[in-house]
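# Working through the structure, step by step
What follows is each chain in one-letter form.
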Amino acid sequence: MKNLERLFAEKLLKIKAIKIQPANPFTWASGWKSPFYCDNRKTLSYPSLRNFVKIEITRLILEQFGQVDAIAGVATGAIPQGALVADALNLPFVYVRATPKDHGLENLIEGELRPGMKVVVVEDLISTGGSSLKAVEAIRRDGCDVIGMVAAFTYGFPIAEKAFKDAKVPLVTLSNYEAVLDVALSTGYIEEQDIVTLNEWRKDPAHWDAGKL
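Report follows, based on the coordinates. All figures in this text were calculated on a predicted structure; none of them were measured in a lab. (Residues numbered from 1 in each chain as written. Predicted model: local features only at pLDDT ≥ 70, side-chain atom pairs only at ≥ 80, totals over all residues. Heavy atoms only, no water.)

In terms of burial, strand β5 (residues 70-74) is a largely internal element, five of the five residues being buried. Of the two faces of β5, both are covered, the one formed by Ala 70, Ala 72 and Val 74 as well as the one formed by Ile 71 and Gly 73. Across four bridges, β5 lies against strand β8 (residues 118-126) in parallel orientation. If you follow Ala 72 over to β8, its bridge partner there is Val 121. (Buried < 20%, exposed > 50% of the residue type's maximum accessible area, 1.4 Å probe, protein only. Helix = DSSP H or I, 4+ residues; strand = E, 2+ residues; numbered from the N terminus. Pairing = 2+ DSSP bridges.)

Have a look at this one:
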């Protein structure tokens, strides 16, 4: 039986939620050049895959974190997945904005948490981990205990791994960079020589020079 990481990687590649273009890199919002692009939100358009993501995140939460009092989604990408998981677990749901709302109550957290609640954060994708951990900080400021985070995908950047370790936030994911490259290579989506380029990029994505290809 295929492990979860490879199985989900196959599903993401099949619906073109992941695109790998070493010779024609993408430009991220941060300005980084990247040969790899992941858009997990495409899974929402496929009911069977949407259900798969809900079931597997739910399972990981139950297996890894035990007693949970509430689920929090990180805006905007993880709001729907988080809400689906909270519904499956019959738990309260909130979502955390990137910045406080600029009108009304100026909320950063939408929904209601009570101090002392054990919260699992749901995220769609982990790159540097910055926005994800800002959500964790907001929940902790509300007096709650963030006992872990579940994400659909992680690039596994060293900077993110260190940030999660420093913040003492256990992270589990449905799939990861290595699993995607493994599946992409085995199916002929990429060639062996592409692996070197892709691994060099992940070591230092902020300074990667696509012109050296």
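Contact pair helix α1 (residues 4-14) / helix α6 (residues 177-186): the axes reach a minimum separation of 8 Å and the direction vectors enclose 65 degrees. Our pair here, α1 against α6, has a crossing hand that is right-handed. Judged by residue contacts, Glu 5, Arg 6, Ala 9, Glu 10 and Leu 13 of α1 engage Ala 179, Val 180, Asp 182, Val 183, Ala 184 and Ser 186 from α6. Tallied by class, residues from the contact of α1 with α6 come to six nonpolar, one polar and four charged. (Axes fitted to C-alpha atoms, helices over the stretch in contact; angles between N-to-C directions. Left-handed = near helix turned anticlockwise from the far one by under 90°. Contact = heavy atoms within 4.5 Å. Nonpolar A, V, L, I, M, F, W, Y, C, P; charged D, E, K, R; others polar.)

Glancing now at the pattern of salt bridges. This model, assessed by the stated rule, comprises eight salt bridges. Between Arg 41 and Asp 39 there is a salt bridge, with the nearest N and O atoms lying 3.4 Å from each other. Arg 41 sits in the partly exposed class, given a relative accessible area of 41%. A relative accessible area of 21% means that Asp 39 is categorised as partly exposed. Two residues, Arg 59 and Glu 63, come together in a salt bridge whose shortest N-O distance is 2.9 Å. You can see Arg 59 and its partner Glu 63 sitting in helix α2 (residues 47-65), four residues apart, about one turn around the helix. For Arg 59, a relative accessible area of 29% puts it in the partly exposed group. Several salt bridges share partner residues, and in doing so they unite Glu 56, Arg 59 and Glu 63 into one network. (Salt bridge = Lys/Arg side-chain N within 4 Å of Asp/Glu carboxyl O.)

Before going further, it helps to examine the nonpolar core. Generally speaking, a soluble globular protein has its nonpolar side chains buried in company with each other. Core analysis: the largest hydrophobic core is formed by 71 residues, its most contacted members being Phe 36, Ile 139 and Tyr 155. Dropping the residues within four chain positions of it, Ile 139 is found in contact with Ala 72, Val 96, Ile 109, Leu 113, Val 119, Val 121, Cys 144 and Val 146. (Core = buried A, V, L, I, M, F, W, Y, C linked by side-chain atoms within 4.5 Å.)

Turning next to α6. For α6, every residue scored as buried is listed here: Tyr 177, Ala 179, Val 180, Leu 181, Val 183 and Ala 184. Buried residues along α6 sit against α1, β1 (18-20), β4 (36-38), β9 (145-154), β10 (171-176) and α7 (192-203). The N-cap of α6, judged by a side-chain oxygen 3.3 Å from the amide nitrogen of Glu 178 a few residues on, is Asn 176. At the C-terminal side of α6, Gly 188 shows a positive phi close to 85 degrees. (Polar contact = N/O pair within 3.5 Å; in protein donor to acceptor, adjacent residues only side chain to side chain.)

Another point: the sheet that holds β8. Here we have six strands laid out as an open sheet, ordered β7-β6-β5-β8-β9-β10, and mixed in their pairing. What marks the edges here is a single partner per strand, and that holds for β7 (109-110) and β10. In terms of strand pairing, β8 meets β9 through eight bridges, oriented parallel. Bridge pairing links Val 120 to Gly 148 in β9. Its contacts with the sheet place helix α4 (residues 130-141) against β5, β6 (93-96), β7, β8 and β9, and it is angled at close to 165 degrees to β8.

For the rest of this paragraph, the subject is the packing of aromatic side chains. In total, this model carries 16 aromatic pairs according to the counting rule given. Judged by centre distance (5.8 Å) and plane angle (25 degrees), the ring pair of Trp 28 and Trp 32 falls under stacked. Like Trp 32, Trp 28 is buried. On the numbers, 5.2 Å between centres and 85 degrees between planes, the contact of Phe 153 with Tyr 155 is edge-to-face. The exposure classification of Phe 153 matches that of Tyr 155, with both residues buried. If you follow Lys 11 out to its NZ or CZ, it ends over the ring of Phe 52, 4.9 Å from the centre. (Phe/Tyr/Trp six-rings, centres within 6.5 Å; stacked < 30°, edge-to-face > 60°. Lys NZ or Arg CZ within 6 Å of the ring centre and 35° of its normal.)

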